[in-house]
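# Close look at the chain arrangement
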Amino acid sequence: VVAVVMSLGQMLLNQIVVNIKMKTEKLTIFNYNSMISYYSIKRIFFFCFIFILHSGYSQIPAKPISKEDSLEAIKRCDLAYKFYKNGDYLTAKRELDTAININSKDSYQYYLRGLVLYRLKKNDISKNDFDRAILLNPKKCGYYIDRAILLISMKDYISALEDLTSAKLLDS
């Protein structure tokens with residue numbers, strides 16, 4: 001992915017760069033009459049990277065999920081919820097891993113696995129699952145609230161406040 005972003009960035013730079021001029025520790029690129037700072041280029045790379053991640057790595061369409069597979073994923077998720085409620089977080093995680101392998105489009109499965117990982121004190125991985133759940137279903141205010149709780153435990157108060165604000169807006 002990094003190589004794709006770098007090559008995409010190189011193509012972008014080749015298209016827009018007319019002159020490169022060094023000025024007081026800051027790289028400035030002049031493109032006709034507009035200036036793009038070094039920091040703006042970093043933002044462009046970041047958004048290209050996000051676009052690539054969001055669009056997927058390949059052009060191969062996702063395999064449709066059969067009805068049997070969908071029911072199996074739902075059963076696994078329900079079983080994982082029971083394990084989660086009983087405090088058996090490792091077994092719940094295993095069931096959720098299997099359910100997500102079967103159906104990776106269900107936001108609730110990522111959300112529940114995020115809760116399980118939070119209980120297992122794996123905050124970074126938990127945050128990734130909450131992020132994925134919100135990406136798949138941005139209208140669930142509970143997802144934002146639980147991610148905010150996680151962010152508070154990680155001492156990321158600004159992001160937690162943003163999540164709580166988003167949850168409030170969705171709830172009203």
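For the structure, see preceding data.
## What to know about the side chain of D146
You can see D146 is positioned in helix α7 (residues 141–153). Contacts of D146, omitting those with residues within four sequence positions, involve Y111, L115 and F130.

## A few points about helix α3 (residues 67–85)
With 19 residues, α3 extends 27 Å between its outermost C-alpha atoms, agreeing within 8% with the 27 Å of an ideal straight helix rising 1.5 Å per residue. Residues A73, C77, A80 and Y84 constitute the buried set of α3. Looking down the long axis of α3, one finds its buried residues gathered within 60° of arc, a one-sided arrangement. Exposed residues on α3 whose side chains face more than 90 degrees from its buried face are K67, E68, K75, K82 and K85. Turning to α3, the residues buried within the fold contact α4 (89–102) and α5 (107–119). Backbone geometry just downstream of α3 places G87 in the positive-phi region, at approximately 85°.

## Structural notes on a nonpolar patch on the surface
Among the surface-exposed residues, I145, I149, I152, Y157 and L164 lie close enough to one another that they form a single nonpolar patch of about 430 Å² accessible area. Elements that contribute at least two residues to the nonpolar patch include exactly α7 and α8 (157–171). With three residues, the single largest contributor to the nonpolar patch is α7. For I152, the location among the structural elements is in helix α7.

Definitions and cut-offs
Residues numbered from 1 in each chain as written. Predicted model: local features only at pLDDT ≥ 70, side-chain atom pairs only at ≥ 80, totals over all residues. Heavy atoms only, no water. Helix = DSSP H or I, 4+ residues; strand = E, 2+ residues; numbered from the N terminus. Contact = heavy atoms within 4.5 Å. Expected span 1.5 Å × (residues − 1). Buried < 20%, exposed > 50% of the residue type's maximum accessible area, 1.4 Å probe, protein only. Arc of directions from axis to C-beta. Patch = residues over 30% accessible without salt bridge, like charges linked within 9 Å, V, L, I, M, F, W, Y side chains within 5 Å. Areas by Shrake-Rupley, 256 points an atom, 1.4 Å probe, with all protein chains shown as cover. Salt bridge = Lys/Arg side-chain N within 4 Å of Asp/Glu carboxyl O.

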